[in-house]
Structure formats: C-alpha cells, structure tokens
Amino acid sequence: MNLVYNSESYAIVAYPVQQGFELVDKLGGRSLFVQGSVAVGLRNAIDSIPYEERDMASIDSLLDDYCVGAARPIAYH
C-alpha cells in the first residue's frame, strides 16, 4: 500500500499487488476501490492533464467525477 496523492479533499492509495487504487474522499467520508482497466483509465486520465495545468484543483476535480455515484460511505468499526 502506497500513498500516491494527498490533498485536503482526496487521497489516492495504490495497492500494487491488486493492481488497484483506493480513492478516498476526505470531505465526503467515502471511498472507491478501482482496479484493472478502470485503474489504468484513472492513471491515464491523470496523465492526460497537461503538466502546466496539473495541480490539486484539477486532480481533485477529476476524482470528483470518478467518485460521483460510485463511492461508498466509509464505515468506522
């Protein structure tokens, strides 16, 4: 498990063995695990943001799109 992105709103944790990412919406208290072609698509989407425009706001906006309707509430035990 590796933390690969961290902002005030989101974190991305990589799980290399599972070839996936967990997207954590800190403000919304929800998370989404993606793997396979969806994980590859997420990586490609981040890489497609032009370097000079790639900042926390642009990445957070992209993560908003990924999490809408699919992320599940985080349950504390």
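Located above this text is the structure these notes cover.
No experiment lies behind these values; they were computed from the predicted model shown. (Residues numbered from 1 in each chain as written. Predicted model: local features only at pLDDT ≥ 70, side-chain atom pairs only at ≥ 80, totals over all residues. Heavy atoms only, no water.)

### Section: the pairing of strand E1 (residues 2–6)
Note that E1 and strand E2 (residues 10–15) share 4 bridges and pair antiparallel. Directly across from Leu 3, in E2, lies its bridge partner Val 13. The turn linking E1 back onto E2 is made up of 3 residues. (Pairing = 2+ DSSP bridges. Helix = DSSP H or I, 4+ residues; strand = E, 2+ residues; numbered from the N terminus.)

### Here's the deal with the nonpolar core
Judged by nonpolar contacts, the single largest core of 18 residues is most densely connected at Ile 12, Phe 21, Leu 23, Leu 42 and Leu 63. For this core, the secondary structure elements donating two or more residues are E2, strand E3 (20–25), strand E4 (30–35), helix H1 (37–48) and helix H2 (56–67). Those residues within four positions of Phe 21 in sequence are excluded, and the remaining contacts are Ile 12, Val 13, Ala 14, Leu 32, Phe 33, Val 34, Ala 39 and Leu 42. (Core = buried A, V, L, I, M, F, W, Y, C linked by side-chain atoms within 4.5 Å. Buried < 20%, exposed > 50% of the residue type's maximum accessible area, 1.4 Å probe, protein only. Contact = heavy atoms within 4.5 Å.)

### What to know about H2
Look at H2: 16 Å from first C-alpha to last across 12 residues, which is about the 16 Å you get at 1.5 Å a residue. If you check which residues of H2 are buried, you get Ser 58, Ile 59, Asp 60, Leu 62, Leu 63 and Cys 67. Looking at the buried positions of H2, the neighbouring elements they touch are E1, E2, E3, E4 and H1. Of the residues flanking the end of H2, it is Gly 69, one or two places downstream, whose phi is positive at about 75°. (Expected span 1.5 Å × (residues − 1).)

### Things to note about the pairing of E3
Counting buried positions along E3 yields 5 of 6 residues, so the element is predominantly enclosed. Pairing geometry for E2 and E3, over 6 bridges, is antiparallel. Bridging from a neighbouring strand, Tyr 15 pairs with Gly 20 of E3. If you look at the hairpin formed by E2 and E3, you'll find 4 residues sitting between the two strands, and Gln 19 has a positive phi there, around 50°. In this sheet, E4 lies alongside E3 in antiparallel orientation, the contact comprising 6 bridges. Looking at the pairing, Asp 25 lines up with Arg 30 of E4. The turn joining E3 and E4, which pair antiparallel and follow one another in sequence, is formed by 4 residues; a positive phi near 60° is taken by Gly 29.

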